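What the coordinates show
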Amino acid sequence: GAPELYSYDPRTRHESRVAAVDLALQSHLAVLLDAGAEIYIWVGREVSQEPPLEELACRVLSDQAIQLSRHRCPVPRVRMFREGSSLARLVLARLWPLHKDPPGMQDMVLPQLKGLPSAARQQLMAKMFPTEEPSFAGYMRSLGYVVYAT
């Protein structure tokens, strides 16, 4: 199936399932990506700079990984890493590059972005790696399909 992404904010202890898109990787969050054969736990830079928050986030998401993989055979491998590490690209490679879509579409797919101040949104966009590949929506539009009205 399609990858599933879960977001966790250790400051508010809010957990939610979010769209599997690159813009969900925000520095104040930790996320779990269930990619089927592997489960990735990505810890944002702000979280990793505060050991108690990082410990909490890793514990909560590790427990969730155990729950998600309980009845699977073979059991998925769980990998954990921090924002900015070389292995973080493993998560990015499995997410829809939403940063390449117009802001209106970004807001529809990931409503949390609507509440971001302009400077924070620009900072988030600046962290994304440049790529020549279109986003999924851009690719579908090139084939003549309407994915989302923007």
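The structure under discussion appears in the preceding block.
Just so it is clear, the model here is predicted, and its values are computed rather than measured.

Conventions adopted
- Residues numbered from 1 in each chain as written.
- Predicted model: local features only at pLDDT ≥ 70, side-chain atom pairs only at ≥ 80, totals over all residues.
- Heavy atoms only, no water.
- Buried < 20%, exposed > 50% of the residue type's maximum accessible area, 1.4 Å probe, protein only.
- Helix = DSSP H or I, 4+ residues; strand = E, 2+ residues; numbered from the N terminus.
- Pairing = 2+ DSSP bridges.
- Contact = heavy atoms within 4.5 Å.
- Phe/Tyr/Trp six-rings, centres within 6.5 Å; stacked < 30°, edge-to-face > 60°.
- Patch = residues over 30% accessible without salt bridge, like charges linked within 9 Å, V, L, I, M, F, W, Y side chains within 5 Å.
- Areas by Shrake-Rupley, 256 points an atom, 1.4 Å probe, with all protein chains shown as cover.
- Salt bridge = Lys/Arg side-chain N within 4 Å of Asp/Glu carboxyl O.
- Axes fitted to C-alpha atoms, helices over the stretch in contact; angles between N-to-C directions.

Here we come to the pairing of strand 1 (residues 4-9). Strand 1 sits mainly inside the fold: 5 of its 6 residues count as buried. One ladder, built from 5 bridges, connects strand 1 with strand 3 (residues 30-34); its direction is antiparallel. The residue bridging Leu5 from the neighbouring strand is Leu33, located in strand 3. Between strand 1 and strand 2 (residues 14-18), which pair antiparallel and follow one another directly, the connecting turn spans 4 residues, one of which, Arg13, has a positive phi of 60 degrees.

Our focus in this paragraph is the side chain of Gln64. Its place among the elements puts Gln64 in helix 2 (residues 51-69). For Gln64, a relative accessible area of 15% puts it in the buried group. If near-sequence neighbours (up to four positions away) are discounted, Gln64 is found in contact with Tyr6, Glu15 and Leu32.

One pass over the structure, following the stated rule, counts 1 aromatic pair. Relative to Phe81, the ring of Tyr40 has its centre 6.0 Å away and its plane inclined at 50 degrees; by these criteria the two rings are tilted. Placement of Tyr40 in strand 4 (residues 38-43) and of Phe81 in strand 5 (residues 77-82) is noted, with a sequence separation of 41 residues between them. There is no split in this pair, since Tyr40 and Phe81 are both buried.

Together, Tyr139, Leu143 and Tyr145 make up a nonpolar patch on the protein surface, roughly 340 Å² of accessible area in all. Tracing the backbone shows Leu143 in the segment after helix 6 (136-142).

Once that is clear, we can look at the sheet that holds strand 4. Reading across the sheet, the 5 strands line up as 2-1-3-4-5 and stay open at both edges, with mixed pairing between neighbours. Strands at the two margins of the open sheet, each flanked by one partner only, are strand 2 and strand 5. In this sheet, adjacent strand axes meet at a mean angle of 15 degrees when their direction is disregarded. Of the pairings in the sheet, the one linking strand 1 to strand 2 comprises 5 bridges and is antiparallel in character. Directly across from Leu5, in strand 2, lies its bridge partner Val18.

If you walk through the whole model with that rule in mind, you get 9 salt bridges. Glu50 is paired through a salt bridge with Arg11; the nearest N and O atoms lie 2.6 Å apart. Residue Glu50 is found in the loop between helix 1 (45-48) and helix 2, and its partner Arg11 is found in the loop between strand 1 and strand 2; the two are separated by 39 residues along the sequence. A salt bridge links Lys127 to Glu83; the nearest nitrogen and oxygen atoms lie 2.8 Å apart. Here Lys127 is found in the loop between helix 5 (118-126) and helix 6, whereas its partner Glu83 is found in the loop between strand 5 and helix 3 (89-92), with 44 residues between them in sequence. The exposure class of Lys127 is partly exposed, given its relative accessible area of 29%. Through salt bridges with shared partners, one network takes in Arg45, Glu83 and Lys127.

Looking now at the side chain of Arg121. Residue position: Arg121 is located in helix 5. By relative accessible area, Arg121 is classed as buried at 16%. Every residue in contact with Arg121, bar those within four places of it in the chain, is listed here: Pro103, Gln106, Asp107, Leu113, Lys114 and Leu116.

Take it as geometry only, folks, not as evidence of what the structure does.
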